[in-house]
Amino acid sequence: MKLQSLLFAAVTVFAASAYAQNPIVIKFSHVVAADTPKGKGAQKFKELAEAATKGRVKIELYPNSQLYKDKEELEALQLGSVQMLAPSLSKFGPLGVKEFEVYDLPYILPSKAALARVNEGPVGKSLLKKLESKGIVGLAFWDNGFKEMTANKPLRTPADFKGTKMRIQSSKVLDAQMRALGANPQVLAFSEVYQAMQTGVVDGSENTPSNIYTQKVHEVQKHLTVSDHGYIGYAVIVNKKFWDALPADIRTSLDGAMKEATKYANDIAQKENDAALDAIRKSGKTEVYTLTPQEKAAWRAALLPVQKTMEDRIGKELIATFNKEAAAAEGK
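Residues numbered from 1 in each chain as written. Predicted model: local features only at pLDDT ≥ 70, side-chain atom pairs only at ≥ 80, totals over all residues. Heavy atoms only, no water.

1. Structural notes on the environment of Asp160
To be explicit about the condition: Helix and strand labels come from DSSP, where a helix needs a run of H or I of at least four residues and a strand needs a run of E of at least two; each type is numbered from the N terminus. Residue burial is assigned from relative accessible area. The probe radius is 1.4 Å, only protein chains are included, and a residue is buried under 20% of its type maximum, exposed over 50%, and partly exposed in between. Contact definition: two residues touch when any of their heavy atoms are within 4.5 Å.
Tracing the backbone shows Asp160 in the loop between strand S5 (148-151) and strand S6 (165-168). For Asp160, a relative accessible area of 23% gives the class partly exposed. Along the sequence, Asp160 and Ala183 sit 23 residues apart, while their C-alpha atoms lie 8.9 Å from each other. Each residue touching Asp160, except ones within four places of it in the same chain, is listed here: Lys153, Pro154 and Leu155.

Here you go:
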């Protein structure tokens, strides 16, 4: 019995030593700055995952498009060049999972309560499941926050958008949104936005305050409108072949680390956005304007037809489900 114990201890020490020398490496790539909610969430996951697996897994973080830009990262994941990403939900439409574009519909998620009800419930789980046919496992939803508009002129009414060149992510819904406002949508990689604004290639954009501030967009835009018209969220995803090949206990540990990192990332997202908006105000470089209830109602009215336009693409039923969940969260 004593010999068995000694052998077991020796094997355990050998295994630990082997993993320490050759840990499982997970390259986690993303396109935003390290000091954004997503960047901080990725750092928290790295700390938790490495601790939970006792060094058997090493997470390498690559923020700010260091490895791949917007259009390249999903293909890199599918090819196995990178193991983990946290792309914005808009990215899954061009991949062929068009249902995710429901998140891009303007004003479909009116509050944090509505968002939590969707993402944490069966609707969110069923959406993540749809990624598996593309060789991807969806692990979690991470918040960024609600989007605001920036431009070099005030944007207070739908008419103010007429003829404005607005940068968007590659999304048919966002394209339709900008066209509904009379703007000219321009698809650009996130890493190219600052220079495009600086040189006048685009006049404006939409994003969350934390992304606007950390990318210094407020330095090349004179006006910011607090409209909360849309939402940017991420899905933390992993290459399915890689994930399925991991030892079961490693997967369990990583799942636990991801749950904890998700709570952390989602808790700080709102605080980070509030702090960023305050910093933008204090910079004095951009005028921050909050829509009045009447102005917001006019934006909603102008943008509501986008839901109807996108029914065939996203699914009439899914749009109705989102509206129903939002109404339930709002107590309507």
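2. Describing the pairing of strand S4 (residues 136-146)
Inclusion rule: Two strands are said to pair when DSSP picks up at least two bridges between them.
Counting buried residues along S4, 11 of its 11 residues qualify, which places the element largely inside the surrounding structure. As defined by bridge partners, S4 adjoins strand S10 (residues 231-239) across 9 bridges and the pair is classed as antiparallel. Within S10, the residue paired with Phe141 across the bridge is Ala235.

3. Re the nonpolar core
Side chains that are nonpolar tend, in soluble globular proteins, to be buried together. The condition that has to hold: Nine residue types can take part in a nonpolar core, namely buried Ala, Val, Leu, Ile, Met, Phe, Trp, Tyr and Cys, and a core is a set of them joined through side-chain atoms within 4.5 Å.
Core analysis: the largest hydrophobic core is formed by 38 residues, its most contacted members being Phe92, Phe100, Tyr103 and Phe322. Contributions of two or more residues to this core are made by helix H3 (70-79), helix H4 (112-119), helix H5 (122-129), S4, helix H6 (172-180), S10 and helix H14 (316-329). Discounting chain neighbours no more than four positions away, the residues touching Phe92 are Leu74, Pro87, Val97, Lys98, Phe100, Leu131, Ala235 and Ile237. Of all hydrophobic cores here, the second largest spans 31 residues; its members include Val32, Val238, Ala261 and Ala265.

4. A word on the sheet that holds strand S2 (residues 57-62)
Defined as follows: What counts as an axis is a line fitted to C-alpha atoms, over the stretch in contact for a helix, and the angles between N-to-C directions run from 0 to 180 degrees.
Spatially, 5 strands are ordered S2-S1-S3-S10-S4 in an open sheet, and the strand pairing comes out mixed. Among the strands making up the open sheet, the edge pair consists of S2 and S4. Here strand S3 (residues 84-85) pairs with S10 via 2 bridges, running antiparallel. Residue pairing in the sheet places Leu85 in a bridge with Ile237 of S10. The strands touched by H3 are strand S1 (24-29), S3, S4 and S10; relative to S10, the strand with the most contacts, the crossing angle is about 20°. Of the strands in this sheet, S4 and S10 touch H4, which is tilted by about 180° from S4.

5. With respect to the pattern of salt bridges
The criterion, for reference: Throughout this description, the term salt bridge denotes a Lys or Arg side-chain nitrogen within 4 Å of a carboxyl oxygen of Asp or Glu.
Under the defined criterion, the tally for this structure stands at 19 salt bridges. Between Asp278 and Lys282 there is a salt bridge, with the nearest N and O atoms lying 3.1 Å from each other. In this pair, Asp278 and Lys282 both sit in helix H10 (residues 248-283), 4 residues apart, roughly one turn of the helix. Exposure remark for Asp278: the relative accessible area of 33% places this residue in the partly exposed category.

6. Some points on the packing of aromatic side chains
Filter applied, for reference: Think of it this way: a Phe, Tyr or Trp ring, Trp meaning its six-membered ring, pairs with another when their centres are within 6.5 Å, and the plane angle makes it stacked under 30 degrees, edge-to-face over 60, tilted otherwise. For a ring to carry a charge above it, either NZ of a lysine or CZ of an arginine must fall within 6 Å of the ring centroid while also lying within 35 degrees of the normal to the ring plane.
Taken as a whole, this structure holds 8 aromatic pairs when the rule is applied. Plain terms: the ring middles of Phe28 and Trp142 are 6.4 Å apart, the flat faces sit at 40° to each other, and that makes the pair tilted. Of this pair, Phe28 sits in strand S1 while Trp142 sits in strand S4, and the two are 114 residues apart along the sequence. Taken as a pair, Phe28 and Trp142 share a single burial class, namely buried. Taken together, Tyr103, Phe141, Phe146, Tyr231 and Phe322 form an aromatic cluster joined through their ring pairs. Taking NZ or CZ as reference, Lys38 lies 3.8 Å from the ring centre of Tyr234, over its face.

7. Some remarks on H4
Using the following cut-off: Relevant arc is that of directions from the helix axis to the C-beta atoms, nothing else.
Among the residues making up H4, those that are buried are Ala114, Leu115, Val118 and Asn119. Looking straight down H4, one finds its buried side chains confined to an arc of 120°; they lie on one side. For H4, the elements touching its buried residues are H5, S4, S10 and H14.

8. A look at the sheet that holds strand S11 (residues 287-290)
An order of S7-S6-S8-S5-S9-S11 is seen for the 6 strands of this open sheet, with the pairing classed as mixed. Looking at the sheet topology across the chains shown, the edges are occupied by strand S7 (184-187) and S11. Averaged over neighbouring strand pairs, the angle between their axes works out to 25° when direction is ignored. Relative to strand S9 (residues 223-226), S5 runs antiparallel, the two sharing 3 bridges. Pairing of Thr150 across the sheet is with Leu224, part of S9.

9. Some details on helix H11 (residues 293-303)
All buried positions along H11 are accounted for by Glu295, Trp299 and Leu303. The arc enclosing the buried residues of H11, seen along the axis, measures out at 70°, which places them on a common side. Residues of H11 that are exposed and angled more than 90 degrees away from the buried face: Pro293, Gln294 and Ala301. Those residues of H11 that are buried are in contact with S5, H6, S9, S11 and helix H12 (305-309).

10. Quick notes on the confidence of the model for the chain
Our working rule: Per-residue confidence from the prediction method is given by pLDDT, with values spanning 0 to 100.
Mean pLDDT for the chain: 92, with 94% of residues reaching 70 or above. Every residue in residues 7-19 is under pLDDT 50, and counting partners more than four places away or in other chains gives 4 contacts.

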